[in-house]
Amino acid sequence: MRWGCHLPRASWSPGLGRVLQPADERIPFLIHWSWPLKGEGPLGSPRAFIRHNGSSVGNGPSSGRHEQLLRGIAASEAIQRHRRNLAEWFSRLPREERQFGPTFALDTVHVDPVIRESTPDELLRPQAELALERQPPSAGLPPLALSQLFDPDACGRRVQTVVLYGTVGTGKSTLVRKMVLDWCYGRLPAFELLIPFSCEDLSSLGPAPTSLCQLVAQRYTPLKEILPLMATAGSRLLFVLHGLEHLNLNFSLASTGLCSDPEKPEVPAAIIVNLLRKYMLPEASILVTTRSSAISRIPSKYVGRYGEICGFSDTNLQKLYFQLRLNQPDCGPGAGGVSVTPAQRDHLVQMLTRNLEGHHQISAACFLPSYCWLVCATLHFLHAPTPAGQTLTSIYTSFLRLNFSGEMLVSTDPSKLSLMAYAARTMGKLAYEGVSSRKTYFSEEDVRGCLEAGIQTEEEFQLLHVFRRDALRFFLAPCVEPGHEGAFVFTVPAMQEYLAALYIVLGLRKTTLQRVGKEVAELVGRVGEDVSLVLGIVAKLLPFRALPLLLNLLKVVPRVFGRVVGKSREAVAQAMVLEMFREEDYYNDDVLDQMGASILGVEGPRRHPDEPPDDEVFELFPMFMGGLLSAHNRAVLAQLGCPIKTLDALENAQAIKKKLGKLGRQVLPPSELLDHLFFHYEFQNQRFSAEVLGSLRQLNLAGVRMTPLKCTVVAAVLGSGRHALDEVNLASCQLDPAGLRTLTPVFLRARKLGLQLNSLGPEACRDLRDLLLHDQCQVTTLRLSNNPLTAAGVALLLEGLAGNTSLKHLSLLHTGLGDEGLELLAAQLDRNQQLQELNVAYNGAGDTAALALAKAAWKHPSLELLHLYFNELSSECRQALRDLGSAAEGGARVVVSLTEGTAVSEYWSVILSEVQRNLNSWDRGRVRRHLELLLRDLEDNRGATLNPWRKAQLLRVEGEVRALLEQLGGPGS
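About the cut-offs
Residues numbered from 1 in each chain as written. Predicted model: local features only at pLDDT ≥ 70, side-chain atom pairs only at ≥ 80, totals over all residues. Heavy atoms only, no water. UniProt positions renumbered as here; feature names shortened; annotations may be inferred. Helix = DSSP H or I, 4+ residues; strand = E, 2+ residues; numbered from the N terminus. Buried < 20%, exposed > 50% of the residue type's maximum accessible area, 1.4 Å probe, protein only. Areas by Shrake-Rupley, 256 points an atom, 1.4 Å probe, with all protein chains shown as cover. Core = buried A, V, L, I, M, F, W, Y, C linked by side-chain atoms within 4.5 Å. Contact = heavy atoms within 4.5 Å. Pairing = 2+ DSSP bridges. Axes fitted to C-alpha atoms, helices over the stretch in contact; angles between N-to-C directions. Right-handed = clockwise from strand over helix to strand, strands pointing away. Polar contact = N/O pair within 3.5 Å; in protein donor to acceptor, adjacent residues only side chain to side chain. Expected span 1.5 Å × (residues − 1). Left-handed = near helix turned anticlockwise from the far one by under 90°. Nonpolar A, V, L, I, M, F, W, Y, C, P; charged D, E, K, R; others polar. Phe/Tyr/Trp six-rings, centres within 6.5 Å; stacked < 30°, edge-to-face > 60°. Parallel < 35°, antiparallel > 145°, perpendicular 65-115°, else oblique. Salt bridge = Lys/Arg side-chain N within 4 Å of Asp/Glu carboxyl O. Arc of directions from axis to C-beta. Patch = residues over 30% accessible without salt bridge, like charges linked within 9 Å, V, L, I, M, F, W, Y side chains within 5 Å. pLDDT = per-residue confidence, 0-100.

The name an unreviewed UniProt entry assigns to the chain is NLR family member X1, from the organism Muntiacus muntjak. Reading the Sequence similarities (unreviewed entry) entry of the UniProt record for the chain gives the comment "Belongs to the NLRP family." Word for word, the UniProt comment on the chain under Subcellular location (unreviewed entry) is "Mitochondrion outer membrane".

### What about the overall build of the chain?
Looking only at helices and strands, the chain features 37 helices and 19 strands. Counting the 973 residues in the chain, one finds 54% classified as buried. When the accessible area of the chain is evaluated, it comes to approximately 41,100 Å², of which 53% is carbon and sulfur surface.

### Considerations on the nonpolar core
Core analysis: the biggest nonpolar cluster contains 183 residues, and F467, L755, L812, L838 and L868 have the highest contact counts within it. Among the elements that line this core, the one with the most residues is helix α15 (residues 419-436), at eleven residues. Among all residues touching F467, those that are not within four sequence positions of it are L409, L419, Y422, A423, T426, M427, L451, L472 and F475. Formed by 71 residues, the second largest nonpolar core is a distinct cluster that contains L86, V176, M230 and L276.

### A short note on the sheet that holds strand β4 (residues 193-198)
Pairing within the open sheet is mixed, and its seven strands lie in the order β2-β1-β7-β3-β6-β5-β4. Every interior strand has two partners, whereas the edge strands, β2 (143-144) and β4, have only one.

### Some remarks on the sheet that holds strand β10 (residues 698-700)
What links the strands of a sheet is backbone hydrogen bonding, and the strands pair in either a parallel or an antiparallel sense. The strand order β10-β11-β12-β13-β14-β15-β16-β17 describes an open sheet built from eight strands, whose pairing is parallel. Looking at strand neighbours, the two that pair on one side only are β10 and β17 (893-895), the edges of this open sheet. Each strand axis lies, on average, 10° off the axis of its neighbour in the sheet, ignoring direction. In terms of strand pairing, strand β15 (residues 837-839) meets strand β16 (residues 865-867) through three bridges, oriented parallel.

### Structural notes on the pairing of strand β11 (residues 725-729)
Moving residue by residue along a regular strand, the side chains alternate between the two faces of the sheet. Burial analysis of β11 places four of its five residues in the buried class, which makes it a mostly covered element. Pairing geometry for β10 and β11, over three bridges, is parallel. Its bridge partner lying in β11, Q698 is registered against E727. Chirality of the crossover, the property in question, places the unit of β10, helix α28 (residues 708-718) and β11 among those that are right-handed. When β11 meets strand β12 (residues 750-754), the two strands line up parallel, connected through four bridges. Note that in β12 the partner of E727 across the bridge is K752. Handedness of the β-α-β unit built from β11, helix α29 (residues 737-747) and β12 comes out right-handed.

### Notes on the side chain of N871
Here N871 is to be found in the loop between β16 and α34 (875-885). At 2.9 Å, the side chain of N871 forms a polar contact with the backbone nitrogen of N843. With near-sequence residues (within four places) excluded, N871 lies in contact with V840, A841, Y842, N843, G844, A845 and H930.

### Here we look at helix α30 (residues 762-773)
The end-to-end C-alpha distance of α30, which contains twelve residues, comes to 17 Å, matching closely the 16 Å that a straight helix rising 1.5 Å per residue would cover. Three or more residues of α30 are buried, namely A764, C765, D767, L768, R769, L771 and L772. Next to the buried residues of α30 lie α29, β12 and α31 (790-802).

### Side note on unusual backbone geometry
For Q684, which is not glycine, the phi dihedral falls at a positive 55°. As for its position among the elements, Q684 is in the loop between α26 (670-683) and α27 (686-692). We classify Q684 as partly exposed; its relative accessible area is 41%. Positive phi is not limited to glycine here, since Q734 has a value of about 55°. In this structure, Q734 sits in the loop between β11 and α29. What makes Q734 exposed here is its relative accessible area of 56%.

### Structural notes on the packing of helix α1 (residues 73-90) against helix α5 (residues 172-184)
It is at 9 Å that the axes of α1 and α5 come closest, and there the two elements cross at 145°. As α1 packs across α5, the resulting crossing turns out to be left-handed. Counting all contacts with α1, which are made through I79, H82, R83, L86, A87 and F90, the residues of α5 involved are R177, V180, L181, W183 and C184. Grouping the constituent residues of the contact of α1 with α5 by class yields eight nonpolar, one polar and two charged.

### Re the packing of aromatic side chains
Applying the stated rule across the entire model yields 29 aromatic pairs. Seen in terms of ring centroids, F399 and F474 are 5.6 Å apart; in terms of plane orientation they differ by 20°. Their pairing is stacked. Of this pair, F399 sits in helix α14 (residues 392-404) while F474 sits in helix α18 (residues 472-475), placing them 75 residues apart in sequence. Summarising the burial analysis for this pair, F399 and F474 share the class buried. Ring geometry for F679 versus F683: centroids 6.3 Å apart, planes at 40°, classification tilted. Taken as a pair, F679 and F683 lie in helix α26 at a separation of four residues, close to a single helical turn. Residue class for F683 comes out buried when judged on its relative accessible area of 5%.

### Describing the packing of α14 against helix α19 (residues 493-505)
Running from amino to carboxyl end, α14 crosses α19 at an angle of 90°, the nearest separation of the two axes being 11 Å. Put simply, α14 runs roughly perpendicular to α19. Side by side, α14 and α19 meet where T393, Y396, T397, F399 and L400 of the first sit next to A494, M495 and Y498 of the second. Split into classes, the residues belonging to the contact of α14 with α19 amount to six nonpolar, two polar and no charged.

### Regarding the pattern of salt bridges
Taken as a whole, this structure holds 35 salt bridges when the rule is applied. The residue K264 makes a salt bridge to E266 at a minimum N-O spacing of 3.8 Å. Residue K264 is classed as partly exposed on the basis of its relative accessible area, which comes to 41%. Between E444 and R448 there is a salt bridge; the shortest N-O distance is 2.7 Å. On the criterion of helical spacing, the pair formed by E444 and R448 is a turn pair, its members being four residues apart in helix α16 (residues 444-451). Owing to a relative accessible area of 23%, R448 belongs among the partly exposed residues under this scheme.

### Considering the environment of L368
With respect to the helices and strands, L368 occurs in the loop between α12 (360-365) and α13 (369-383). Its relative accessible area of 0% is what places L368 among the buried residues. Taking the C-alpha atoms as reference, L368 lies 9.3 Å from T491; in sequence the two are 123 residues apart. The residues touching L368, leaving out its near neighbours within four places in the chain, are T167, V168, G169, T170, R473 and F474.

### What to know about helix α33 (residues 847-859)
The terminal C-alpha atoms of α33 lie 19 Å apart, and with 13 residues this matches the ideal 18 Å at 1.5 Å per residue to within 8%. Among the residues making up α33, those that are buried are A849, A850, L853, A854, A856 and A857. For α33, the buried positions fall inside an angular range of 165° around the axis, keeping them on one side. Counted as exposed and oriented over 90 degrees from the buried face of α33: T848 and K859.

### Quick notes on a nonpolar patch on the surface
Together, L253, L258 and Y279 line one region of the surface with nonpolar side chains, adding up to about 310 Å² of accessible area. A relative accessible area of 57% places L253 in the exposed class.

### Some details on the confidence of the model for the chain
The pLDDT averaged across the chain works out to 81; a share of 79% of its residues lies at or above 70. Taken together, the stretch residues 45-67 has pLDDT below 50 and engages in 53 contacts with residues farther than four places along the chain or on a different chain. The model gives residues 512-521 a pLDDT under 50, and that stretch makes 13 contacts with residues more than four places away or in other chains.

### Notes on the environment of R749
With respect to the element layout, R749 can be found in the loop between α29 and β12. When its relative accessible area of 5% is taken as the criterion, R749 is described as buried. Within the structure, the side chain of R749 is placed 2.3 Å from the backbone oxygen of L718, a separation counted as a polar contact.

### Digging into the pairing of β12
The pairing of β12 with strand β13 (residues 781-783) spans three bridges and is classified as parallel. If you follow G754 over to β13, its bridge partner there is R783.

Now the structure itself:
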């Protein structure tokens, strides 16, 4: 993934002024109320309002209140109630927006898109078939601010009707919603009364006649009292008609007669036509928003100004949007107490800003405010507390719902084909062909071939024309990377993989055999029963032996076709699993790090750092396939007109499980294993994951940077399993205490737990203590080496050891214990009666503490081995420890050197392998000094023995030590 959405489209409906629905219920306008609004006069903003680039904010309250046409206390109170109701309604936020924090509101993050004034001549000019390039501004027509929309035109004529148009994703709905809120808070003083209408709502009324007064009274109850005064308001009355493409308007007098009476019942479309004709309420101001394909539905003579919403064509607007959106405070600590600090948010913004400045393709994507939203939502998913059940697939599905929910490709088309369904069929085909051929750059011929495939009628060409004008730019963008001029790419790379997965799970990919076989099977199924009945009667009258065979063949045909479909699903599952386990991707970053790096501009490791990889990577494709089969995403897709049948989802899941069961047993590198777990997290099916991962016995994620999201993924997938894990290796994973708390359910299933090299301090020992004291803990080996636990941390660990009955091997190598830590261990070691091995090497301990611990270990009933090498021990202390180990039978063996007497210690390879493994992280001077002491000890013992076999062994170990010294830059002898 690399980069993407804006606030949801408006879809207003009856009910303003009535009791509001609870915030989580489905409401036609896909926004939810986030705070109560109080105040007198034009509503005061409940928070400090920030103006950004062409805001519609006025410089002060309206002047000349004595000239208001809507006079009277009753009228003022009615308008005030109307303002409050509108503000409550339009301030509601959808669930997708509430994730950004409790203080998030449109007032605090809104950045006005660029509005370019256009002329009727430009609108009539024929466009290229693939009009994806940004249109340059017309000479002499500077960008418009919201406050300038109704200014007089170049000839000084008053502008009464303004039409704003743009493709999907440019921010039409957000702009209208912001304008309504501005009026509610008194920041549009030019208008005394604002009445918004959703054309989608009006179209749902059908041909039932109603009047303008009835429409207003039904939707805005407080305005009932002032309906007779609307005609006197003049230009200070503003109608907002949002989504004109939903209405089929006909301006011919033969179809729509003239009507000037707001109280006369008419078809809703006729009321809108007469408003736009200026025959009804001729002095009123009107603002219309529409998709590009519907501009021609209003004759240009009725329009005073056209404005094209061009999105964030200025990179500075993109940067401002990201700063405002990403700096919102979090909702609070998530799972495990995870939260994002202000410094971390600033760092994300800085990295993203640098990438915008240096990477032109991401800037081209964020030209659409929609994709700016998607970028922020993805970064929030990767770095902030993750809401329960939120997945990457659900973010992309919600993103499409916010932009396409309820949208028909053409409202007048009898097929009622949804815009998203058409995109899945056309753009999904292009995306899948790119994934299957491993390419992300497409020629104009590639795009045209997928768009025009199967088109035969004039109606189908009209649908294609509408899609090209309204939505093609949403999915495809011209490539601006050097060497690919003239090519097209998906606006967001991850969107290609999402659409390819959607194309597959919707069953849109069919071979010729499948298409023909389905038609034949359906035909045979329809006539099979009748033919079977006739043949059965004939078989009784005439002795035809072949007739029973023919009857059986008729019954077999549908089953044969079912098997063909089943084979196709298995082939898709095979392709998906092979993509997930491609050996070429084994040593790259996991998909979550790849996404973060592509957005923030941090490139992952490559074979040749200065060159792009030879092959494109599509590791998100299988993740999205699994995610789209989850129940939540299927429900949202059904709202978009892309239903996935439950039976089809079940059969696809069975095919995937069958293939995963075969290939998923192989040992995977850590990054690929995390990708496998992320697939299960996206699928959100615990039973499926439990069956597929039932054979997993080793969880090796060593070296994977375990962010809060990754910890959540691992805990969600493996935390509820029942079988034990032989080993959980999380060495060098940048874990913190919050990550430990999140992963506790997984740790409870582990027998061997490796947490080395994670910079865990004393605070983490509190969580480790709780783990050891848990009644379900079955950890037998705990490796905590190379973590700054210190003596304070060991004190907490000893509390856990006192109540633990499973732990047998504990490694505290290089954990900064010092004398105090070893003395604590010596004093309380007897509180645990099961420990068999204790490693406290390289802890800077002196003679006294080491001897005390050795004596305590000698008395311990179960301890067999104590590691004390690389501590600050004198030669006398080392000899005393050797003597203690050979004093009598039984007791713990103490390892302090590479030798035992004049022989090589059987643990010499363990000591040197630890040194080799930690050579780059340990203090090189200190390690060199210890190795020189060990080398001198080896040489002295070699000179003291006459046994040739022992001499040979000592010489071999000396060579190993000299090799390590050479790596450290020290003398080899």
